[in-house]
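Residue strings, one per chain:
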Amino acid sequence: MMMMAARRMPNAISGVHVGSRRATRSTTTDGRLAGNLSRMLSSGGSNDDSDTYVTPTLHSTGLGLSRQILAEVMQTISALPEVSAVLPNDTRKSLPPKLSLTEQILLLKRAEEIFQQFGDAASGRGGSNIHLDAVRMLLADRLYHVGKFEYTATCIESILDMGNGGESNGVDDKSFELNLALAKAQFYSGGGITSAAERAVDIANEVGDPNMAALRQGVAMNALALSKLSRIDYANESSMPGKLADEADECREMLSMATSVLNKPTNGVGVQLAQSLALAQAASSSNQGISEVLHNSLRAKAMGYEKVPPAEHALKSWNNGLSRLEGNDNIPIADIIRSRLHANIAMSLLIAAMLGDKSKIGEEDLKIASENASQSLKLLDGIIERSSSVGDDTTREALRVVSGRSLRLVADCYARGGSAVTAEGLYQSASDLLNDEKHENHGGPLALIERREVYNSYATLCANWEKRSRDSVAMKEKAGLVEDQIAGCWRNKPPAYGGLWLFSVGDFQVSL
C-alpha cells in the first residue's frame, strides 16, 4: 500500500509553485482620488451594516483579518483601483486576484497613503479611520503571507492604536481578533512574546453568547500556550532539562484546559457554532498532544531515562481529536485538521526510539506510522485536487508546508523500512515543498524546522547507504544552514514543534 502511495504522491504535489500572474496596474492622479474619496465616503456604501466581507482561507498560518471588515466598508474602499485590484475577481466564487502578493502589498501601501492623506470624514468614530484600518487589515494579511512578520505586527499595532506602553487604547468588537492576529505575528517573527496572546485571553469573554465566548477562550488559550512553548530554550536542554520540563508542563496543562473549554455540549447551540467548536477542539487536541510529546521527552531526559516512554497521553489526545471530527466530511478545514492529527501520530511513533539511535523502530509501530503518514498526505492531496477542479490554483500553495511535513514523515517510514531509493525521492520532493525561495507564500520558522529535519533525515539515510557518506555530510551542512536562518528563540527546537498550529476563530467558521 505504501509503495503505491509513494508512486502517486509525487505526482499529486508536482508543480506546487504557483507562478505570479501579472495584471495591468491601475494608476490614478491625486486630483481624481480626491474626488473619488469624497464621493465614496459621503455615499456610505451598502445599507446592510450587519454583514462582513468573507473570503475563505486555507493558509494554516493565515491571519484572516479580511474577514473582520464590514461589507459596507469593503465596498467603500474597493472604489479605489489600488484596493479593488487585490480583491477576489469574483466575490461569489472568491477567485483569487491575479496579482502577486508583492504587487498587492505595493498597491495596498499606496492605498494606505491615500487614506492617511485624505482622512475619513464619514467614519463617525471620533477621528478614528475605519477605512484606513480596513486597508491596513488587508495589508497585514499579505505582509504575513510573505513572511514580513515584524512589519505585520507594526501594521496591526497601528490599527489597535497601541500606546507607547504597548497597551491597546480601548476595546471594540474587533480587538479580540486583532490581538490574536498580533499574537500570531509575534509568534512567527521570533517567538517569546506573550503580551498580545495574554490580552486576547483577557478579552475573549467580552461577548454576549457564552458558547462564542468558549470558542474565543479556547482559541486564545492555545495562542498563549504556544507563545509560551516558543520561549522554551532548548540550548539549555542538557544543563537544565528539569526546568524546561516544568515549562513544557505548564503549557501542556494550559492546552488541556483549552481543549476542555472547547468541549461544549451542542444542545441549544446553533449548527454553525457547534461545528466551529468541534473543529476548534480537534485542532486544540492536536496542539495538546504535541505538548505531551515535548513534555514527555524533556521529563525523560531530566529523569535520566535511556528510553523515551510511549506518548500514551498524546495518542489519546489525537484520537479524541479524530473522534470530534466524525460527521464533518468533505470540509477542507476538517480534513486539514485530520491530516495534522494523523501526521502527529506518525511523528510520535517515529521518534519514540532509543535515544541516540533513531533508526530503530518496531515492525508494528512502523506499520501504524506508515498508515497514518500516508493518510495525512492523502487527505491534503484530496483537498488540492478538489480545489483545482473548480479553478482554485492557490490551495496547493497554501497547503505546501503541511504537505511537506506529511511527505517527510512518509519518507521517514520508507527509510526506516529499508526502501532507500524511494525515501530519497520523497525527501527531495519534501525539500522543494518547504523551500521558501521557490514559493511566494512564506512558511515561517515552523517550515524552516521541517526543512531542517528533511536534511537531517536525508543525512541519516545517506550515512547508512554504502558510498554515500559524502552526501550525508553535505545534507548535514544544509541542515546547519537552514538552522542559521531560523529566527529568535525558534532555533534548536525539536522536530515536534513543526506540527504546532496557532489558529484563529475564523479558521473554523464554515458556511453551511
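For the structure itself, look to the data block above.
Residues numbered from 1 in each chain as written. Predicted model: local features only at pLDDT ≥ 70, side-chain atom pairs only at ≥ 80, totals over all residues. Heavy atoms only, no water.

## So, helix α20 (residues 469-485)
With 17 residues, α20 should cover 24 Å at 1.5 Å per step; its first-to-last C-alpha distance of 25 Å lies within 8% of that length. All of the buried residues in α20 are S472, M475, A479, V482 and E483. Relative to the axis of α20, the buried residues are bounded by an arc of 105° and lie together on one face. Opposite the packed face of α20, turned more than 90 degrees from it, sit the exposed residues R470, E477 and L481. Packed against the buried residues of α20 are α19 (444-463). (Helix = DSSP H or I, 4+ residues; strand = E, 2+ residues; numbered from the N terminus. Expected span 1.5 Å × (residues − 1). Buried < 20%, exposed > 50% of the residue type's maximum accessible area, 1.4 Å probe, protein only. Arc of directions from axis to C-beta. Contact = heavy atoms within 4.5 Å.)

## Considerations on the packing of helix α8 (residues 175-189) against helix α10 (residues 210-230)
Contact geometry for α8 and α10: axes closest at 10 Å, N-to-C directions at 20°. With respect to α10, the element α8 is oriented roughly parallel. The way α8 lies across α10 gives a crossing that is left-handed. Where α8 approaches α10, its residues F176, L180 and F187 are matched on the opposing element by R216, V219, A220, A223, L226, S227 and S230. (Axes fitted to C-alpha atoms, helices over the stretch in contact; angles between N-to-C directions. Parallel < 35°, antiparallel > 145°, perpendicular 65-115°, else oblique. Left-handed = near helix turned anticlockwise from the far one by under 90°.)

## Some words on the pattern of salt bridges
Tallied over the entire structure, the rule returns 22 salt bridges. Among the ionic pairs, R136 bridges to E112, the shortest N-O distance being 2.8 Å. A residue pair is termed long-range when its members are at least 10 positions apart, and R136 in helix α6 (residues 130-145) and E112 in helix α5 (residues 101-118) qualify at 24 residues. A relative accessible area of 15% places E112 in the buried class. With its nearest N and O atoms 2.7 Å apart, the salt bridge here joins R452 to E483. Separated by 31 residues along the polypeptide, R452 in helix α19 and E483 in helix α20 bring together distant segments of the chain. A residue is classified by how much of its surface remains accessible, and R452, at 7% relative accessible area, is buried. Taken together, the salt bridges that share partners define one network made up of D329, D335, R338 and R386. (Salt bridge = Lys/Arg side-chain N within 4 Å of Asp/Glu carboxyl O.)

## With respect to the packing of helix α14 (residues 332-351) against helix α15 (residues 363-389)
At their nearest, the axes of α14 and α15 sit 8 Å apart, and the two run at 155° to each other. Between α14 and α15, the angle falls in the class roughly antiparallel. The handedness of the crossing between α14 and α15 comes out as left-handed. Residues P332, D335, I336, R338, S339, H342, A343, I345, A346, L349 and L350 of α14 pack against D365, I368, A369, N372, A373, Q375, S376, L379, L380, I383 and R386 of α15. When its residues are assigned to classes, the contact of α14 with α15 shows 13 nonpolar, five polar and four charged. (Nonpolar A, V, L, I, M, F, W, Y, C, P; charged D, E, K, R; others polar.)

## Notes on the environment of D133
With respect to the secondary-structure elements, D133 resides in helix α6. Note on D133: relative accessible area 10%, which makes it buried. A sequence separation of 23 residues divides D133 from I156, and the C-alpha atoms of the two residues are 8.9 Å apart.

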